[in-house]
Amino acid sequence: MAAACVACAPADDHIVFAAAAPWHDSVSVGTRQGIQLAVDELNAAGGRQISIRWCDDSGTGTHAAAVAESLVADRSVLAVIGHINSGAQVAAAHVYDGRLVALSSQATSPDLTGLSHWTFRVVSSDAANGAGLARFAGTLGASRAAVLYENDSYGRGLAHAFERAFPGTIVASEPIAAAASSYEPYVSYMRTLGPDVVFVAGLETSGLSVLREAKRQHLTAPFLGGDGWTGLADDAAIGEGAFVASDARPEVVTFIHAFQTRYHVRPDEDAALAYDATRLLAAAVAARGASRVGIQGYLASRTLEHAFAGVTGAIAFDSLGDPAGRQFVMTRMHAGAFVPVTLQ
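Residues numbered from 1 in each chain as written. Predicted model: local features only at pLDDT ≥ 70, side-chain atom pairs only at ≥ 80, totals over all residues. Heavy atoms only, no water.

Q: Can you lay out the packing of aromatic side chains for me, pointing to particular residues and giving the numbers?
A: To describe a pair of aromatic rings, you give the distance between the ring centres and the angle between the ring planes. One pass over the full model with this rule turns up nine aromatic pairs. Here Phe162 and Phe199 contribute two aromatic rings whose centre-to-centre distance is 4.4 Å and whose plane-to-plane angle is 20°, an arrangement assigned as stacked. You can see Phe162 sitting in helix H5 (residues 153-165) and its partner Phe199 sitting in strand S9 (residues 197-201), a full 37 residues away along the chain. Here the two residues Phe162 and Phe199 agree in accessibility, since each one is buried. Of the aromatic side chains, those joined through ring pairs into one cluster are Phe255, Phe259, Tyr263 and Tyr275. Cation over ring: Arg32 sits above Trp23, and NZ or CZ is 5.7 Å from the ring centre. The ring of Tyr298 carries Arg302 above its face, with NZ or CZ at 4.0 Å from the centroid. (Phe/Tyr/Trp six-rings, centres within 6.5 Å; stacked < 30°, edge-to-face > 60°. Helix = DSSP H or I, 4+ residues; strand = E, 2+ residues; numbered from the N terminus. Buried < 20%, exposed > 50% of the residue type's maximum accessible area, 1.4 Å probe, protein only. Lys NZ or Arg CZ within 6 Å of the ring centre and 35° of its normal.)

Next up, the structure:
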């Protein structure tokens, strides 16, 4: 499994971080670009150079745990950026515990909360996001909600949090495949129930397909999605009108410009969060030295009073390693753009 980690051999005075994700998958492109941009900027600024050990965990718990074992054993690795899949991060957390910090930019499962004092994340948990979405659905005047969720840790966690917090009645809660050949039966069922709002807990692949089928069947109820729906901008016509949650504040203009100059595309939330995670770990080394224990202590001390200034906003952690004080941002798709909506 050590062969899954790739990097040029760093010089003795280099800082080495690992980055763990399914790098072979297109879903991780923005994350990798965000990490690399941060590293290039930090290295250009002078001082000790940073090297990244890219580790492909296949997005699965089994592979992630094996990768974690190899990284813990490699004393040159000071911290891990990742894992990005919730299941992978949950499986690897016990391996890292007490030995190596793992800072995730994307893992959102509530199962991670309090799992290890050495596991942190810069993205809000699904429990917080699901509850925020449920409250927002209430502001739309919805009293009857239908829920569709991808049957994995991300989808289940987000759906269950929504259902617990929704102030009205959940008229249906149905598991769906991440990439089904057709979502016609689910949408037909939703039409018979007549919900005031439909919440889909999944990624943009299933989201776009469900929305496409809903438009075909003229299901006019508002659709809500979590942060996994940020890719809806790829199809502006289908995504039009959908509500999408985001826990990132508007990116700093200089970051957007630098990213677009480098990659010729606009950065998404994944890129911005990965960029922040990388710079946060670099700040930890600058403050506490090249020490695994020092990095853990630095992250644990990032309270609201001593937050790290990131492009996605102030980054602080609670005692369980979750983000503290993150602002919940609700947007609505219009003309291919995410337009902020006030959350009451």
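More follows now that the structure is in view.
Q: Hey, could you go over the state of the cysteines for me, with residue numbers and the actual values?
A: Inspection of every chain in the model, using the stated rule, returns one disulfide. Residue Cys5 pairs covalently with Cys55 via a disulfide, S to S 2.1 Å. Around the S-S axis, the bridge from Cys5 to Cys55 shows a dihedral of about 115° and counts as right-handed. Of this pair, Cys5 sits in strand S1 (residues 5-6) while Cys55 is found in strand S3 (residues 50-56), placing the two residues 50 residues apart along the sequence. The class of Cys55 is buried, set by a relative accessible area of 0%. (Disulfide = S-S within 2.5 Å.)

Q: I'd like a rundown of the packing of helix H10 (residues 269-288) against helix H11 (residues 292-300), residues and numbers included.
A: The N-to-C vectors of H10 and H11 enclose an angle of 110°; their axes lie 9 Å apart at closest approach. Here H10 lies roughly perpendicular to H11, going by the angle between them. Where H10 crosses over H11, the two elements pack in a sense that is right-handed. Taken together, the residues of H11 that come into contact with H10 (itself represented by Leu280, Leu281, Ala283, Ala284, Val285, Ala287 and Arg288) are Gly294, Ile295, Gly297, Tyr298 and Leu299. Each residue belonging to the contact of H10 with H11 can be placed in one class, and the counts come to nine nonpolar, two polar and one charged. (Axes fitted to C-alpha atoms, helices over the stretch in contact; angles between N-to-C directions. Parallel < 35°, antiparallel > 145°, perpendicular 65-115°, else oblique. Left-handed = near helix turned anticlockwise from the far one by under 90°. Contact = heavy atoms within 4.5 Å. Nonpolar A, V, L, I, M, F, W, Y, C, P; charged D, E, K, R; others polar.)

Q: Quick one: what's the story with the nonpolar core, residue by residue and with numbers?
A: Counting 36 residues, the largest nonpolar core has Phe17, Ile35, Ile52, Leu280 and Leu281 as the members making the most contacts within it. Elements with a contribution of two residues or more to this core: strand S2 (15-21), helix H1 (29-44), S3, strand S4 (77-82), strand S5 (101-104), H10 and H11. Excluding residues that lie within four positions of it along the chain, Leu280 makes contacts with Leu103, Val122, Tyr298, Leu299, Arg302, Phe308, Ile315 and Phe317. Within the second largest apolar cluster, 22 residues are counted, among which are Val198, Leu208, Leu219 and Met333. (Core = buried A, V, L, I, M, F, W, Y, C linked by side-chain atoms within 4.5 Å.)

Q: Which residues make up the pairing of strand S7 (residues 144-150), and what are the values?
A: Of all the seven residues making up S7, six are buried; the element is thus mostly covered by neighbouring parts of the structure. Pairing between S7 and strand S8 (residues 169-176): seven bridges, direction parallel. Along S8, the bridge assignment pairs Ala145 with Ile170. One crossover worth recording links S7 to the parallel S8 by way of H5, and it is right-handed. With five bridges joining them, S7 and S9 adopt parallel strand pairing. Its bridge partner being in S9, Val147 is matched across the sheet by Phe199. (Pairing = 2+ DSSP bridges. Right-handed = clockwise from strand over helix to strand, strands pointing away.)

Q: Any details on the sheet that holds S5? Residues and values, ideally.
A: In space, the six strands of this open sheet follow the order S1-S3-S2-S4-S5-S6, with mixed pairing throughout. Looking along the sheet, the strands with just one partner apiece sit at the ends: S1 and strand S6 (119-121). Inspection of the sheet shows S2 paired to S3 by seven bridges, in the parallel sense. Looking at S3, one finds that Ala18 is bridged to Arg53.

Q: Would you mind going over the packing of helix H4 (residues 126-139) against H5 in detail, with residue names and values included?
A: The geometry of a pair of packed helices is captured by two quantities: the angle between their axes and the separation between those axes. Orientation of H4 relative to H5, taken along the N-to-C sense of each, is 45°, at an axis distance of 7 Å. With respect to each other, H4 and H5 are oriented oblique. Note on packing geometry: the crossing formed by H4 with H5 is right-handed. The segment H4 lies against H5, with Asp126, Ala127, Asn129, Gly130, Ala131, Leu133, Ala134 and Ala137 engaging Ser153, Tyr154, Gly157, Leu158, Ala161, Phe162 and Ala165. Looking at side-chain class alone, the contact of H4 with H5 contains ten nonpolar, four polar and one charged residues.

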